[in-house]
Amino acid sequence: MNKYLTKQSAVNQIEMVLDQIRPALQNHGGNVEVVGFDNGVVKVKLTGHCHDCLISTVTLKLGIERALCANLPNLVKKVIEVK
């Protein structure tokens, strides 16, 4: 993380990217919440139908993680789900 970037401003940037993909999640009855961020790792909680979906791992890696890493490459390195 950039030494001039506060944790809150980093989370704000992450939320801005997630806001771009939330409509797709919400169309399927789900959503995503950021529950933590540290050392390039974003911790998220999938909610609604996404929580127990059989392809939630695909959503997490190919949707959420890919979008965050592509849009914030100097900030986000990995996304993990917390239950």
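Only a predicted model underlies this, so the values are computations on that prediction, with no experimental measurement involved.

J.: Could you clarify how one ought to interpret the packing of helix α1 (residues 7-27) against helix α2 (residues 56-71) in this entry?
T.: Each pair of packed helices can be described by the angle between their axes along with the distance between the axes. With their axes 9 Å apart at the nearest point, α1 and α2 run at an angle of 145° to one another. Pair α1 / α2 crosses with right-handed handedness. Contacts between α1 and α2 involve I14, V17, L18, I21 and L25 from the former and T59, G63, I64, A67, L68 and N71 from the latter. Tallied by class, the residues present in the contact of α1 with α2 amount to 8 nonpolar, 3 polar and no charged.

J.: Would you take a moment to explain the pattern of salt bridges for this structure?
T.: Oppositely charged side chains can pair when the atoms bearing their charge come close. Applying the stated rule across the entire model yields 5 salt bridges. The partner of E65 in a salt bridge is K61, and the shortest N-O contact between them spans 3.1 Å. Here K61 and E65 lie together in helix α2, a separation of 4 residues that amounts to about one turn. Take K61: its relative accessible area is 31%, and that puts it in the partly exposed class. Through salt bridges with shared partners, a single ionic network connects E15, D19 and R22.

J.: Whenever I open this one, the state of the cysteines confuses me. Can you help?
T.: When the sulfur atoms of two cysteines share a covalent bond, that bond is a disulfide. Tallied over the entire structure, the rule returns 0 disulfides. Of all cysteine sulfurs in the structure, the one in C50 sits closest to C69, which takes part in no disulfide; the separation is 18 Å. By relative accessible area, which is 23% here, C69 ends up partly exposed.

What counts, and where the lines are drawn
- Residues numbered from 1 in each chain as written.
- Predicted model: local features only at pLDDT ≥ 70, side-chain atom pairs only at ≥ 80, totals over all residues.
- Heavy atoms only, no water.
- Axes fitted to C-alpha atoms, helices over the stretch in contact; angles between N-to-C directions.
- Helix = DSSP H or I, 4+ residues; strand = E, 2+ residues; numbered from the N terminus.
- Left-handed = near helix turned anticlockwise from the far one by under 90°.
- Contact = heavy atoms within 4.5 Å.
- Nonpolar A, V, L, I, M, F, W, Y, C, P; charged D, E, K, R; others polar.
- Salt bridge = Lys/Arg side-chain N within 4 Å of Asp/Glu carboxyl O.
- Buried < 20%, exposed > 50% of the residue type's maximum accessible area, 1.4 Å probe, protein only.
- Disulfide = S-S within 2.5 Å.

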